[in-house]
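# Analysis of the macromolecular model
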Amino acid sequence: MSECFLKALEDNQLSGHLTNQFGEFKRLRILDLGTNSFSGAIPFSIGKLSSLEDLRLNDNKFTGTLPESLGQLFNLKGLFVDGNMLEGIVTETHFANLNKLEFILASGNHLTLKVSPNWNTPFQLFYLKIASWNLGEGSHILSWLAKQKNIEYLDLSNTGISGSIPSWVWKIPRLKLSGNHLYGKIQIADTMMELDLSNNSFSGGISHFLCDTTYKTYGLMSLNLGGNQLSGELPDCWTKLPSLTNLNLGNNNMSGSIPNSIGFLGDLAYLNLYGNRLSGEIPSLMHNCTQLVLMNLGDNDLDGGIPTWVGTDLVQLTYLILRSNKLSESASVAIKGSELEYGTTLSLVTNINLSKNNLSGNIPKELIRLVELRSLNLSQNRLTGLIPEKIGDMKQLESLDFSMNSLSGQIPTSVALLSFLNYLNISYNNLTGEIPKSTQLLGLDASGFIGNSLCGPPLPTKCNDGGDERHEQKEENEEESKIEWVYVVASLGYAVGFSIVCSALVLNKSWREAYFGFLQSMWDKLYVYVCIKFNKLSGPEESG
């Protein structure tokens, strides 16, 4: 088996177990079995591959422990075992002779690292990714990492570490420490490219590092501070981050208005300010953020209207979430946006959530042109009028929520054409009539239709105006008609048969004499039988 062959096995949907025969390929330099369905344990004999430089077993279904024999692969530079189901304890023995090791990617397993705090590692890493490993509840950032002078990427997410972050850590260009118990003062260096501290316990404001005059600009491309306890106003110095593509400050306690300087982030693709206490209007300068794919400003106190440029300038927008604000405007303006050119602007949008606002008026018919829309939520507004008749043209819809408005009329029959629909909530409106019949709607939860004057499945209420009851009545009438005709036919048969017999007796003398002779004979026999029975019954009384 050649080295080239073993390199070509990745991403081929291969399955089965690895055998100990792999230890025979002493000259193998690259073993790439990533993105397959291999299972079972990683064979211990893999430690015999003395020439191996790159081991890729990522994204499979390997179980068991990481073999200690890996520590014998003294030429190994890259270890990729992320995305498996490995468990057990990893010690210094696993890395004993790995002097050339530069990359460790082992996230997504259930491994526990137990090494000395003063571990003198034989390697210098560029890349360490061990998210979801157990580093010990209440443990701090690994002190031995301070000796890794070349590290450029560190991911210790969801490892249970706590405390403040040492100063040397802030110098790492790509730093991901989400889902832990970290706190303290946030810092960034001008060389930092990615920072993810989401779902920790950081508090206070963020102006001290964003607006720091030490550096004119920062090279930060991704900043994720969501799910902390940050407070204060959003700083107005976002021009210092011209390369930012991802900004997540969601689920904090930030207040004040959205600063105009965010509008200068021309490369921004993902903006999440969800779940804060931001107020005021959406700044007009944000129309310059033409690369936005996701804009989530939900669950704040924003007011005013939805800017028309959302539909005209944000040509890449796919997810628009403005739920739970105080936006108040006609729905036709909010969604149409001064006659939006849907064919060239919002045609890529797959998710719109404008729930829990103060939108009013009719649902605009132009909304139907968003043929790629998969989720539409306009619930808990003040919408009136009818559900658009051609809503069934939105073939990709999977989730539709118009609940808690004042919509009236009947459910359009075209709803039955939404074959991908798995969630529908039109409850608590003023809708009337029969729910359109389709297999897709029958499988939906009945709670999505309550609070109206609707009837028919999946509701238990039967329709009185021509629905199921008419069908049942028709069946009953047909059944009654069948029963009546049975009696008619039977009666006619009896009458015809009787008339034939009578006619034969009248017209044929021999038949008549035989018939009456038969009746006389039967009468005589019956008379004799009755007399005998009477004498037997009365005999005892006379003798007495």
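Presented here is a report on the structure given in the accompanying data block.

Once that is clear, we can look at a negative patch on the surface. A surface patch of negative charge is lined by Glu281, Asp299, Asp301 and Asp303. Locating glutamate 281 in the fold gives a position in the loop between β22 (277-280) and β23 (294-296). With a relative accessible area of 55%, glutamate 281 lands in the exposed category.

Turning our attention to the state of the cysteines. Enumeration over the complete set of coordinates arrives at two disulfides. In this model, cysteine 211 is linked to cysteine 237 through a disulfide, with the two sulfur atoms separated by 1.9 Å. One disulfide, between cysteine 211 and cysteine 237, carries an S-S torsion of -75 degrees and so falls in the left-handed class. Of the two residues, cysteine 211 sits in the loop between α2 (207-210) and β17 (222-224) while cysteine 237 sits in the loop between β18 (229-233) and β19 (246-248), which places them 26 residues apart along the sequence. Taking the relative accessible area as the measure of exposure, cysteine 237 reaches 12% and is therefore buried. Paired through a disulfide, cysteine 455 and cysteine 463 show a sulfur-sulfur distance of 2.1 Å. Classification of the bridge connecting cysteine 455 and cysteine 463 rests on its S-S torsion, roughly 100 degrees, and on that basis the disulfide is right-handed. Both residues of the pair, cysteine 455 and cysteine 463, belong to the buried class.

On to the pairing of β22, then. The two faces of the sheet receive side chains in turn, since in a regular strand these alternate between them. In terms of strand pairing, strand β20 (residues 253-257) meets β22 through three bridges, oriented parallel. Within β22, the residue paired with serine 257 across the bridge is serine 279. Across two bridges, β22 lies against strand β24 (residues 301-302) in parallel orientation. Note on β24: the bridge partner recorded for serine 279 is aspartate 301.

Reading guide: rules and limits
Residues numbered from 1 in each chain as written. Predicted model: local features only at pLDDT ≥ 70, side-chain atom pairs only at ≥ 80, totals over all residues. Heavy atoms only, no water. Patch = residues over 30% accessible without salt bridge, like charges linked within 9 Å, V, L, I, M, F, W, Y side chains within 5 Å. Areas by Shrake-Rupley, 256 points an atom, 1.4 Å probe, with all protein chains shown as cover. Salt bridge = Lys/Arg side-chain N within 4 Å of Asp/Glu carboxyl O. Lys, Arg positive; Asp, Glu negative; His and termini not counted. Charge placed at Lys NZ, Arg CZ, Asp CG, Glu CD. Helix = DSSP H or I, 4+ residues; strand = E, 2+ residues; numbered from the N terminus. Buried < 20%, exposed > 50% of the residue type's maximum accessible area, 1.4 Å probe, protein only. Disulfide = S-S within 2.5 Å. Pairing = 2+ DSSP bridges.

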